[in-house]
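# Commentary on secondary and tertiary structure
Below are the chains, spelled out letter by letter.
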Amino acid sequence: MHDKEESKELQSLRVSIRVLSGACIPKPNEEKNGEIIDPYVRVSVFDVKNGDKAGFQSFDTVVCYNNGFNPIFNSEKFSFRVDNTAVAMLQLAIYDKASTPTVSDVFVASASIPISCLRKGLRSVKLFDTTNTRSGAIDFASLLIEVKLLKGSKKGDKDDLIAMEHSRTRKVAMAEF
């Protein structure tokens, strides 16, 4: 009986995430002065492959210039193959695009959700600041995402091909550690 439960948890899953919009995205570090932010969302999945190697894969949405109040990303679907649903995490992080290439992008807010807690459909995700709190300007910040889940994903599935296509068109980070 225990083996059935364990194999059920370790069943692979194909997760498709589409970031539609944001709401009330504040300036980084609750700054009062300065220009309007240029937000984009980095969608990442952290997983343990084959029980021993931890890795992640991430995609970036388009940048919404001069719109932190209600940015419309309406991004393409980002597909991930998750091998271990018991420990895998989805992270949605918002960054403010730097105005010059010599300056790095600034972290604004994020949310991390266990893959096992995801449900399909349209979901509103509350965001947290750098100290993992929801107070002040970040209190009302959220993202609207569309989640699609398909159990029993196999290597070489259509979404693996989609992820390879993303790597050609979008900034993609893949790492194992």
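Residues numbered from 1 in each chain as written. Predicted model: local features only at pLDDT ≥ 70, side-chain atom pairs only at ≥ 80, totals over all residues. Heavy atoms only, no water.

This paragraph deals with the overall build of the protein. Check the secondary structure of the protein and you find 2 helices and 9 strands. Going residue by residue from the N terminus, the α and β elements of the protein occur as α-β-β-β-β-β-β-β-β-α-β. A buried classification covers 40% of the 177 residues belonging to the protein. Considering only contacts within the protein whose residues lie at least 6 apart along the sequence, 69% involve residues at least 24 apart. By element, 54% of the accessible surface of the protein is carried by carbon and sulfur atoms, the whole surface being about 10,300 Å². (Helix = DSSP H or I, 4+ residues; strand = E, 2+ residues; numbered from the N terminus. Buried < 20%, exposed > 50% of the residue type's maximum accessible area, 1.4 Å probe, protein only. Contact = heavy atoms within 4.5 Å. Areas by Shrake-Rupley, 256 points an atom, 1.4 Å probe, with all protein chains shown as cover.)

Our next topic: the pairing of strand β8 (residues 142–151). Relative to β8, strand β1 (residues 13–23) runs antiparallel, the two being bridged by 10 bridges. Bridge pairing in β8 places R14 opposite L150. In the sheet, strand β7 (residues 121–126) pairs with β8 via 6 bridges, with the strands oriented antiparallel. Across the sheet, G121 pairs through a bridge with V147, a residue of β8. (Pairing = 2+ DSSP bridges.)

With that out of the way, let us pick up the nonpolar core. V41, V43, L90, L92, I115, L127 and L143 are the most contacted members of the largest nonpolar core, which totals 32 residues. Within the residue set of this core, elements represented by two or more residues are β1, β2 (39–49), β4 (78–82), β5 (89–96), β6 (106–114) and β8. Beyond its immediate stretch of four places on either side in the chain, L127 contacts I25, L92, I94, A109, S110, A111, R134, I138, A141, S142 and L143. (Core = buried A, V, L, I, M, F, W, Y, C linked by side-chain atoms within 4.5 Å.)

Next up on the list: the environment of S99. Tracing the chain through its elements places S99 in the loop between β5 and β6. Note on S99: relative accessible area 62%, which makes it exposed. Along the sequence, S99 and I37 sit 62 residues apart, while their C-alpha atoms lie 9.7 Å from each other.

The next thing to look at is the sheet that holds β8. What holds strands together in a sheet is hydrogen bonding between their backbones, with the strands either parallel or antiparallel. On the basis of which strands lie adjacent, the open sheet formed by 4 strands has the order β4-β1-β8-β7 and antiparallel pairing. Pairing within the sheet leaves two strands with one partner each, and these edge strands are β4 and β7. Taking the axes of each pair of neighbouring strands and ignoring which way they run, one obtains an average angle of 35° across the sheet. Summarising the sheet, β1 and β4 pair through 5 bridges and their orientation is antiparallel. Paired with I17 across the two strands is F78, which belongs to β4. (Axes fitted to C-alpha atoms, helices over the stretch in contact; angles between N-to-C directions.)

So, on to the pattern of salt bridges. As enumerated under the stated definition, the model contains 4 salt bridges in all. R42 serves as the salt-bridge partner of D60, at 2.8 Å between the closest nitrogen and oxygen. Residue D60 is found in strand β3 (residues 53–60), and its partner R42 is found in strand β2; the two are separated by 18 residues along the sequence. Across the pair D105 and K97 runs a salt bridge whose closest N-O atoms are separated by 4.0 Å. (Salt bridge = Lys/Arg side-chain N within 4 Å of Asp/Glu carboxyl O.)

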